[in-house]
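Structural overview
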Amino acid sequence: MASDAAGDISYDVLETPILDSESPNLLHLISEQGGYAYVSMSALAAAGDLRAAEATREMAWEQLHSGPWHSVLPVWRDAYSMACLYVARLHHRAGDFGEALKALDMGLIMGGTFLRQDLHAAVEKVTAKASELRVSEEEQGEVIVRKEKADFEEEDISVEAFWVVLRILPMKSFSSKIVGKRSALSLEGFLSDYFMSGSPVIISDCMGHWPARTKWNDMDYLKRVAGDRTIPVEVGKNYLSSDWKQELITFSQLLERIQSSDCTSTFPTYLAQHPLFDQIHELRKDILIPDYCYAGGGELRSLNAWFGPAGTVTPLHHDPHHNILAQVVGKKYIRLYPASLSEELYPHTETMLCNSSKVDLDNIDKKEFPKVQDLEFLDCILEEGEMLYIPPKWWHYVRSLTTSFSVSFWWSHCGDSPA
């Protein structure tokens, strides 16, 4: 159907200038790491052989999964990007824009930085072609356009359901100290009252000028700018649970799952701690880096998205950097413990999980973790349009109370030790 509806749409060549000029050097580096089969197959892929292109991608994929992620040689990440560009170029030539876009997203998610400019330029061209084709099909009456629920605000949980959510919050919620809140806090006030002392604070009236505040409540907008993009999601209670797994789905599929979820779902789907804005530039334009992130004269370390239905949980853990958590859509319950209580929170001993607690706040084993019961903490409900400052090493537990879209800004200052 796509080819008939496409009529006059030209499936021209997907240009990859960096790949075209630098591929000999990159292939030489790959061969030095023993990738002779990859180099041979890539020549066929460059000549237009889709099977060969898929084979090069599979070879690079195997190298990416040959050991811990930090031990993967950068050249193999670039090799994976190269293979994704080959695959995307051939699917684009055939007019299969969905598969082309999926290959490009995989290159952005799993690949290296060397060919990222080619990947982004190709994404822009493929999405434009896909949109052109969609309009053509709609004009010919081949696509029935159904109006989805307009925004997430219509999905807000009822008062009765909200109290159900509150009943499943961790034991003793709201029985200790509440995180303080400041309206339109100045940078000077933030520095003197919170940053220097390492104290959490909620900042309200600070992001009303963000385009995301209105745009991200609009399902149609999110579907239009990101619906066809492939993203990694988590499925299950949380990353410490045995039922937890990861999947690759499109953003539209995530929106569908969010719409069909409720706050008691055992296996929610969660886009968690993903550098979405490096991948989808249209969404990056909707947010601004808060001035607070320049406190201490440091630099931004990480900018991540958190998007999912009510009931998603990030278990008790701590992070090495200063953190501003901006609540763009919905609301979240957050509990915080100071770094001084680390021993009483029973951290995992394994290196990969040493920043996570063994304590499941949703179901505390009082016999195994007796120290937790009497610890003081801070907690709060982070409302839509508010930011929470979480100092380095502060333990925090997060549960979404509604459909929620948050952005975390990690930064370090010149006095921080390397993480």
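Everything numeric in this text was worked out from a predicted model, so none of it was measured. (Residues numbered from 1 in each chain as written. Predicted model: local features only at pLDDT ≥ 70, side-chain atom pairs only at ≥ 80, totals over all residues. Heavy atoms only, no water.)

1. Looking at the sheet that holds strand β5 (residues 245-250)
- Taking strand neighbours across the sheet as the criterion, the nine strands line up as β2-β3-β12-β9-β14-β7-β6-β4-β5 in an open arrangement whose pairing is mixed. Looking along the sheet, the strands with just one partner apiece sit at the ends: β2 (181-183) and β5. Strand-to-strand twist across the sheet, computed as the mean angle between neighbouring axes with direction ignored, equals 25°.
- Here strand β9 (residues 322-329) runs beside strand β14 (residues 404-412); their pairing, made up of seven bridges, is antiparallel. Across the sheet, the residue bridging to Val-329 is Phe-405, located in β14.
- On the sheet, helix α12 (residues 251-260) packs against β4 (230-235), β5, β6 (269-274), β7 (299-308) and β14 and is oriented at approximately 110° with respect to β5. (Pairing = 2+ DSSP bridges. Helix = DSSP H or I, 4+ residues; strand = E, 2+ residues; numbered from the N terminus. Axes fitted to C-alpha atoms, helices over the stretch in contact; angles between N-to-C directions. Contact = heavy atoms within 4.5 Å.)

2. Observations regarding the environment of Arg-335
- Structurally, the position occupied by Arg-335 is in strand β10 (residues 332-337).
- For Arg-335 and Ser-173, which are 162 residues apart along the polypeptide, the C-alpha to C-alpha distance reads 8.1 Å.
- At 3.2 Å, the side chain of Arg-335 and the side chain of Tyr-333 are in polar contact.
- Of the polar contacts made by the side chain of Arg-335, one reaches the side chain of Tyr-337; its length is 3.2 Å. (Polar contact = N/O pair within 3.5 Å; in protein donor to acceptor, adjacent residues only side chain to side chain.)

3. Considering the pattern of salt bridges
- Throughout the structure, instances matching the rule amount to 13 salt bridges.
- In this structure, Glu-384 and Arg-213 form a salt bridge, with 3.4 Å as the shortest nitrogen-oxygen distance. Separated by 171 residues along the polypeptide, Glu-384 in the loop between β11 (378-382) and β12 (387-390) and Arg-213 in helix α10 (residues 212-215) bring together distant segments of the chain.
- Through salt bridges with shared partners, a single ionic network connects Lys-245, Glu-247 and Arg-257. (Salt bridge = Lys/Arg side-chain N within 4 Å of Asp/Glu carboxyl O.)

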